[in-house]
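# Reading the structure
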Amino acid sequence: CKSKFRWFPLGIMAFFLAIAVAALAWLIQLACRPVKNQTALDAALCHRSHSKIRHEEGRHMLYPLTTDVCSEFIPQGGVGVMLHFRFERAALLWTLFVLLVMGYVAFSHGRLQVTEVLKMSPQHDDVYEKCLALDKEDQKDLRDLRIDFLYATAFIYIVSFVGAILFAISQRRAYFETDASTATMVDFALFCEGFPRETWGPVEPQEGKVELEDEYMHFFRDSSWGDSVLGVSIVWDLTDVHDDVFKVLDDAISRMEADCRLDEPIEEPFTTSTTPLWVRSIEGNLLGVGEPQTPKDKGEGGGDEGGVADTSESWRGPAAIQRFTDMQTAGGIFVVFRTKGDMLRALTTPLHKFRGTHDIDVQNLNCQPASLLWDGFGVTHAQRVREIVKGMSALMVLILVWTVFFWGPYSYFILLWMEAPGAAKALNQEARGMVYSTVLGLIIAIGNLVLYAACAVIAQRCRFKTTDSRGRAHVIFYTFTVFVNVTLDLVLLTYIAHHMTKNIGFDENAFVRNPSMQHALFEQLVSYIYPGTILAPFLLEPLGVCVVPFYVYCWLIRSTADLSILQAEKLLECPPFDCNRYGDIIINCTLCCCIFFLTSVNIWWMFAQLLSSMLVICVWDRYRFLRQSTRMEFAAKRMDVAAQYLTVLPCAILFGGLTFKFMGGQAMVKKWGRHAYFSRSEWFCVLVAMLVHVILHSLLLHFVVPLFDREIEEEERDYLEVAESTSSNWFNANPVHCMRSLHYYRHDPPHVFDYPGRAHLHKQNLDIHAYYEAPEFEEEEGFRSVKTYVR
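### Thoughts on the overall build of the protein chain
Helix and strand counts for the protein chain stand at 27 helices and four strands. Residue pairs at least 24 apart in sequence account for 84% of intrachain contacts in the protein chain once pairs closer than 6 positions are excluded. Put simply, the protein chain shows about 35200 Å² of open surface, and 61% of that area lies on carbon and sulfur atoms.

The structure is reproduced here in C-alpha cells:
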C-alpha cells in the first residue's frame, strides 16, 4: 500500500538539489572570470596569514598544530579558550565512558553487534522479543539484561553527577592557577565610572586648556593613588558615531599600510563584465561595496589604493575629526597602573569625589583590552535588560514560526502518508533510506543554523561591554532556544509515533517493525538525532565556515576591479574564534541521554555516534583555533561557569531515565493502554525527580564548588614588561584614544588601533606609553602554494 503523498520528500530533495546546481554553476562561472585585481588578492592573502593566532614576540611564529590547547595558555585566546577545550575533552571522555559501560552490558548478554554501528537506525528491544522464539532461558536473560541496564544507568548517573561537580572544581582551579602564572593586561587596569559626561570640544588642543586626559590623571594621582597611575583611557559614547569612528581608523590603517608596502599597486586593465546585473548586485552586497563600479566612477587610479598612494602627512589633523566635536564621554575611565600590586592596592583605597560632587565606583572588569566592546559602555543596564527581554521574545516567535511552517508541514506529511493501510511498514523501510534521513537532516540543520544566527544577532543588539559577556549570552540564548525547539520537536515526534501505532495489526511484518509506542518513538527520535543533529552539521561546518567562503572571496576579489586592498583584506580575514561550542555539546549530550527512556539494547550505538561527533568537533575546533581564526581573547571564566550550570540538563535527563526504569520501564509501559500513554502519574514522578536534580546540582555549583578554591601567591608584575611583548594594551585597544593620538594630539608615532594582523604597524613611543614593536612576520608554511593556486 502506497500513499499518494510519498512524493513529498522527493519534492523537497529536488528543491534543494536545484539550489545546489544553481550555486555550483555560479561558482564555476566565478572561478573562470578574468583576473582584474590580483594586487588586492595578494595583499588580502598576506593579511589573512598575519591575522591568524601567532606568537606576539619576535617574528610572530604560528603555533604548531601539536600545541596542547587544553593546558597551554595562548594569549590570543585567553584562559577562557583553554577552559573551553578542557570542557570539550571532558565531554569526549564522558561519551567514551558511557559507550564502554553500555557496550559492556550489551556484550555480556550477546547483544553487541559491531556491524550495527553503520546502520542509520538500530533495532529496538521489542524487535528482539518479537523476532526471537523466547523460551524460559531467553526470558530470564532478557530480565537480567534489564536489571543490568538499570544498574548501569544508576552507575552512569552517579559518575556523571559527581564527575560534573568535580570537573567544575577542576575548571576553577585551572583558571586561578593559569591566571596566577601568566602576566596579561588584565593585571594592570581598573574601571572607574561615575564621572560626568564631557564633550570632545575643539578639534585641536587650545593654549591654556586642560585636556580631559590630564585632568583625570591629576585627579587619580592627587586623590590617593599617587604615581602608581601610569595613564588613563577614557571611554567614549559611540552609540551614534561607532561607524564614523572606525571609518577614520580604517582610513589611517589604509594609509599606514601603503607606507609599509614595498611594491606599489599595479593598475589592472579594466574589462567590461558580462555577468548579469542582478548577479553583480548580489555580489556587491556580498562584498559589502554595493553596485560594482568602473575606474571612471571612482576617479583616476581606481580608488584610494589605486596608482600611487598618498604617503604624506597632510591627511592627519583637525579635518579628519571635525564631525566628532559633539561626541561625549560615557562616564567611565580605565585607569592603568604600573604594577599589579598597585592595582590591587587601589581596589581597597577609596577615591575622593570628582570635582567635589561625583562619587566614583571602582571595579575590576577582569577582561583583556581586545575583548572590550566599546559601544556597550553607552548603554545603561536597564536598556540592556530591555533588549534581552525583546530578544528572548523574538526567539520564541521565531521558534513558533519554525514549528508552524517547517515542522508542522513535515508532521502533516508524515500523518497523511500513514493514512494508507500498512503505511507504517513502508515508512519504517524508507526511514532507513537516504531520502527520508536527508530531508529530516536538512530541516534540522537549517533550523539550528537559523536559531544560531538569530541568537548571534540578539546578543549583538544587547551591546554587552565585553566579548566574554556577549559570548556567554550567546551560549545561553542558543542552548535555551534549541532546548525549547527540540522539546517542541519531540512533542511532534511523539504525536507522530502515537499515530504510527494505528497501523498495528495490518500484517504480521508490520507488527514486528512497529510493535509499540516506545518503538515508534524510538525510531523517530533516532532519526531526529542521527545524523542530522549530532554529526552532519559538524562534518559540513569546515566547508561552510572555511573552505567555501575562502575560495568564493578569493575569486570575487581577483575579479572585482574596484575593490580596494583594505576591503579585500577585511573580506579574507580569518573570523574570530568563539566558544559557542558549549551549547552544541550540551544539546547533543542531552538528546542522547533521552534514549535511556526508550531502550536498553542499543544505547551503546547512539553513544558510538556521539563519540564520532565529539571526535570531529575536537579535531576541527583545534585546527580552527590554530589555523583558521583570528584573535578573540576570553580572559574570564564567565562562559565556562555558564556551561557548568548547563550540564544540569543531561544529568537531569539521566536521573529522569533512571527513575523511569526503576518504576518499571518498558515492562511497565507494555501494560498501559495506547490512549492512556500520556496520562500516567508515573510521568509526574519522573518530572519531580528531574526537578530535584536541577535544584541540587545548581545549589552545589553555587555554594559548594567555590569552597574548593585555593589561594595562590602571585609574583609582582610590571606593566612595561608585559606591554613590550603584547600588541594590545589599554590605550591602543581604545578606538577614540587612538583617533585622538593620531589626529588631535598628532603624536609621532601615534597609538595605532590594534586590528588583528596589524601588529607590524605599532611603533614604540615611550612618551605615550607605546612599548610594543615587532614588525617582522614569519611566512606561513604553504602560503606561497596557496597564493599560486588561487591565482
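### Quick notes on the pattern of salt bridges
Applying the stated rule across the entire model yields 27 salt bridges. A salt bridge links Asp 709 to Arg 172, with the nearest nitrogen and oxygen atoms 2.6 Å apart. Placement of Asp 709 in the loop between α24 (682-704) and α25 (719-724) and of Arg 172 in helix α5 (residues 136-181) is noted, with a sequence separation of 537 residues between them. For Asp 709, a relative accessible area of 28% puts it in the partly exposed group. Here Arg 172 falls in the buried class, since its relative accessible area comes to 18%.

### Quick word on helix α2 (residues 38-50)
When the terminal C-alpha atoms of α2 are compared, their 18 Å separation across 13 residues agrees well with the 18 Å that a helix rising 1.5 Å per residue should span. Of all 13 residues making up α2, twelve are buried, and the element is well covered by its neighbours. Among all positions of α2, only Gln 38, Thr 39, Ala 40, Leu 41, Asp 42, Ala 43, Ala 44, Leu 45, His 47, Arg 48, Ser 49 and His 50 are buried.

### What to know about the nonpolar core
Burial of nonpolar side chains together is a common tendency in soluble globular proteins. Ranked by size, the top nonpolar core spans 104 residues in total, and within it Met 102, Ile 529, Phe 596, Phe 607 and Phe 625 carry the most contacts. Of all the elements, helix α3 (residues 78-108) adds the most residues to this core, at 15 residues. Not counting chain neighbours up to four residues away, the residues in contact with Ile 529 comprise Ile 534, Leu 591, Cys 592, Ile 595 and Met 606. With 66 residues, the next largest nonpolar core counts Ile 253, Trp 315, Cys 367 and Tyr 771 among its residues.

### Focus on unusual backbone geometry
That bond from Asp 748 to Pro 749 is cis: its omega, -5°, falls within 30 degrees of zero. With respect to the helices and strands, Pro 749 occurs in the loop between α26 (735-744) and α27 (783-790). Here the phi dihedral of Asn 366 falls at roughly 55°; this positive angle occurs in a residue that is not glycine. Position of Asn 366 among the secondary structure elements: in the loop between β4 (361-363) and α11 (381-417). Backbone geometry at Arg 746 places phi at a positive 55°, although glycine is not the residue there. You can see Arg 746 is positioned in the loop between α26 and α27.

### What to know about the environment of Asp 718
By secondary structure assignment, the location of Asp 718 is in the loop between α24 and α25. Asp 718 gets classed as partly exposed once you look at its relative accessible area, which sits at 28%. Once the C-alpha coordinates of Asp 718 and Arg 338 are considered, the two residues, 380 residues apart in sequence, prove to be 6.0 Å apart. Excluding its chain neighbours within four sequence positions, the residues that come into contact with Asp 718 are Phe 188, Arg 338 and Thr 339.

### A word on the packing of α3 against helix α20 (residues 603-627)
Packing of α3 against α20 brings their axes to within 9 Å, and their N-to-C directions diverge by 160°. Our classification of the angle between α3 and α20 gives roughly antiparallel. In the packing of α3 onto α20, the handedness of the crossing is left-handed. Its residues placed into classes, the contact of α3 with α20 shows 21 nonpolar, three polar and three charged.

### Thoughts on the sheet that holds strand β1 (residues 189-193)
Spatially, the four strands line up as an open sheet ordered β2-β3-β1-β4, and their pairing is antiparallel. Pairing within the sheet leaves two strands with one partner each, and these edge strands are β2 (229-236) and β4. Mean inter-strand twist for the sheet, computed between neighbouring axes without regard to direction, equals 25°. As defined by bridge partners, β1 adjoins strand β3 (residues 329-337) across five bridges and the pair is classed as antiparallel. Residue pairing for β3: Phe 191 is matched across the bridge by Phe 334.

### Observations regarding the side chain of Ser 559
Note that Ser 559 resides in the loop between α17 (536-558) and α18 (565-572). Not counting the four nearest positions on each side in its chain, Ser 559 is found in contact with Leu 30, Arg 33, Pro 34 and Lys 36.

### Some details on the environment of Pro 576
Among the structural elements, Pro 576 can be located in the loop between α18 and α19 (581-593). You can call Pro 576 partly exposed: its relative accessible area is 40%. When the C-alpha atoms of Pro 576 and Phe 625 are compared, they prove to be 8.7 Å apart, with 49 residues separating the residues in sequence.

### Observations regarding the pairing of β2
Counting buried positions over the eight residues of β2 gives eight, a clear majority of the element. With seven bridges joining them, β2 and β3 adopt antiparallel strand pairing. From the neighbouring strand, Trp 236 faces β3, where its bridge partner is Thr 329.

Rules behind the numbers
- Residues numbered from 1 in each chain as written.
- Predicted model: local features only at pLDDT ≥ 70, side-chain atom pairs only at ≥ 80, totals over all residues.
- Heavy atoms only, no water.
- Helix = DSSP H or I, 4+ residues; strand = E, 2+ residues; numbered from the N terminus.
- Contact = heavy atoms within 4.5 Å.
- Areas by Shrake-Rupley, 256 points an atom, 1.4 Å probe, with all protein chains shown as cover.
- Salt bridge = Lys/Arg side-chain N within 4 Å of Asp/Glu carboxyl O.
- Buried < 20%, exposed > 50% of the residue type's maximum accessible area, 1.4 Å probe, protein only.
- Expected span 1.5 Å × (residues − 1).
- Core = buried A, V, L, I, M, F, W, Y, C linked by side-chain atoms within 4.5 Å.
- Axes fitted to C-alpha atoms, helices over the stretch in contact; angles between N-to-C directions.
- Parallel < 35°, antiparallel > 145°, perpendicular 65-115°, else oblique.
- Left-handed = near helix turned anticlockwise from the far one by under 90°.
- Nonpolar A, V, L, I, M, F, W, Y, C, P; charged D, E, K, R; others polar.
- Pairing = 2+ DSSP bridges.

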